[in-house]
Amino acid sequence: MKRSSFFVQVALVLLACACGDGGDLGGGGGGGGRASGGPSSSTTGAGEGLSSSTTGAGEGLSSSTTGAGGGPSGSTTGAGGGLGPHVAEPSTPTRGGTMTFTNIGAPGWWPRRIDREPGDPACDYKDGDDTWGGHCCMTEHHTTSDKLAPFDEEMTLIMKAIRVKQLAVYQPGGDPAAWQMVSSWDERRGVGSNLLVTEGQNTSADFTGDLTKKDCVTYFMQDRPFQCGDGNDYFCPDDPGIMHLGWAGSKLVVFLASMTFEDADVERCDGGGQGHPGPWVAFVASELIRDGGRKWNGLCNCYSKTGTVGDGCGEINVFEVVMDNNEHSNREFMSTGVRSYQEGHVGGSVCGAGCDRDAFAEDVEVVDACAQKAYEEGPVIEAGGRSDRCPTWRRPSGDRYFMILLDEAQRAIQVAVIHPERIPSAAAEMLPDLPGRLSRASIDAMVSMRLPE
């Protein structure tokens, strides 16, 4: 039985802009071990998500949309034509850092929401209520893949409290020896190429790049629509802003950005006072944001099979600055964690209240939260196996290239932070030019990076 439009509107009013931290507390890795980024029990204030107006210049989405080929004279082409180098703001050069997650992918299942009548036998996981009292039917969705599964499914990029200058997505093309740039955005042009940005109820290819003015959660997808059918086998939310394709299979997301800003300058998404200033970059199952509440429909989404950890359809907290006013919090460090049905929670260490940024050298990017020392070589975390202790990041000061690479061939996820003035040889084909094409050899080299070297 379809939910009434009342429940849809309630969901969107409360949650579509989902201000504040995207995390939840739970078990996790060392160094504080916070399982960050799950469905939150908190709701946003009134008016966060249904306004029809766009945000002002410098506040996420622009108030106007430029047509194809728009932007300033001499601007970049984007997507298949590449982006070209961007001038970065000077800062102290660092040695860079990587976290490499191996052995990713396994056969298994997650709960999938579908639209069936109460009592339908297809509701074999749940036949009850969603967060707002509408009907929730969920079925066990099984996969036999071990190539990144479930991260080989469509994934959507989420960002909050960060200023982006360039963003590119690469995927394998028809030539197995190369990956193509399939989506892109550059602040010099301001208009995405096969890239749409959704904030609240506003969706546009036109984006300012500055997400540090308000604490709104912002979603990045392809500009091609997602066809979910009649809902019998895949739930179809009444939410056009997120009904676009994510990126399936192998994928590489790289962006030039800064997390340097004044916390006090961040407003609530609804404009009602001080906002949550914690930067957050996540790469999540697109299915998770199509749950009828954009990931915050905690009683009816694919996030977890058990309700305690993210052992469901897949979420990667790529970079999260934990600022929850507890012992796990420290604005000067970032966490990276991978979670899905395969292991529940992999990585996700935090450097909490006991960590001191100044205890590490200025050129350090990745640190061991348990031993309180810098890594001499990029740490490796094996799903279901060993981990190089408790890796976490110092929050960067100034511009960095941030990267997440998911490769089916090597069953690996590579997360990297690279200073624009210290580009390693393994990433030299990609940075700083961000060309329209990358060789398979370059992808292999980046998966093998262990920064600092």
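Scroll up to find the structure this text is about.
Residues numbered from 1 in each chain as written. Predicted model: local features only at pLDDT ≥ 70, side-chain atom pairs only at ≥ 80, totals over all residues. Heavy atoms only, no water.

1. Some thoughts on the overall build of the chain
Piece 1. Along its length, the chain carries 3 helices and 22 strands.
Piece 2. Nonlocal contacts in the chain, meaning residues at least 24 apart in sequence, comprise 72% of its contacts between residues at least 6 apart.
Piece 3. Carbon and sulfur atoms make up 49% of the accessible area of the chain, which totals about 15700 Å². (Helix = DSSP H or I, 4+ residues; strand = E, 2+ residues; numbered from the N terminus. Contact = heavy atoms within 4.5 Å. Areas by Shrake-Rupley, 256 points an atom, 1.4 Å probe, with all protein chains shown as cover.)

2. Here we look at the pairing of strand β4 (residues 135-143)
Piece 1. One ladder, built from 7 bridges, connects strand β2 (residues 108-114) with β4; its direction is antiparallel. Looking at β4, one finds that Trp109 is bridged to His142.
Piece 2. The pairing of strand β3 (residues 126-129) with β4 spans 4 bridges and is classified as antiparallel. Bridge pairing links Asp129 to His135 in β4. (Pairing = 2+ DSSP bridges.)

3. Quick word on unusual backbone geometry
Piece 1. In this model, Leu431 is joined to Pro432 through a cis peptide bond whose omega is 0 degrees.
Piece 2. Note that Pro432 resides in the loop between β21 (412-418) and β22 (437-439).
Piece 3. Here the amide bond leading from Leu451 into Pro452 is cis, since omega sits at 0 degrees, within 30 degrees of zero.
Piece 4. Of note in the backbone geometry, Asn325 takes a positive phi value of approximately 60 degrees without being a glycine.
Piece 5. Inspection of the secondary structure puts Asn325 in the loop between β13 (315-320) and β14 (333-339).
Piece 6. We note that Leu434 has phi near 45 degrees; this positive angle belongs to a residue other than glycine.
Piece 7. As for its position among the elements, Leu434 is in the loop between β21 and β22.

These figures capture arrangement, not role.
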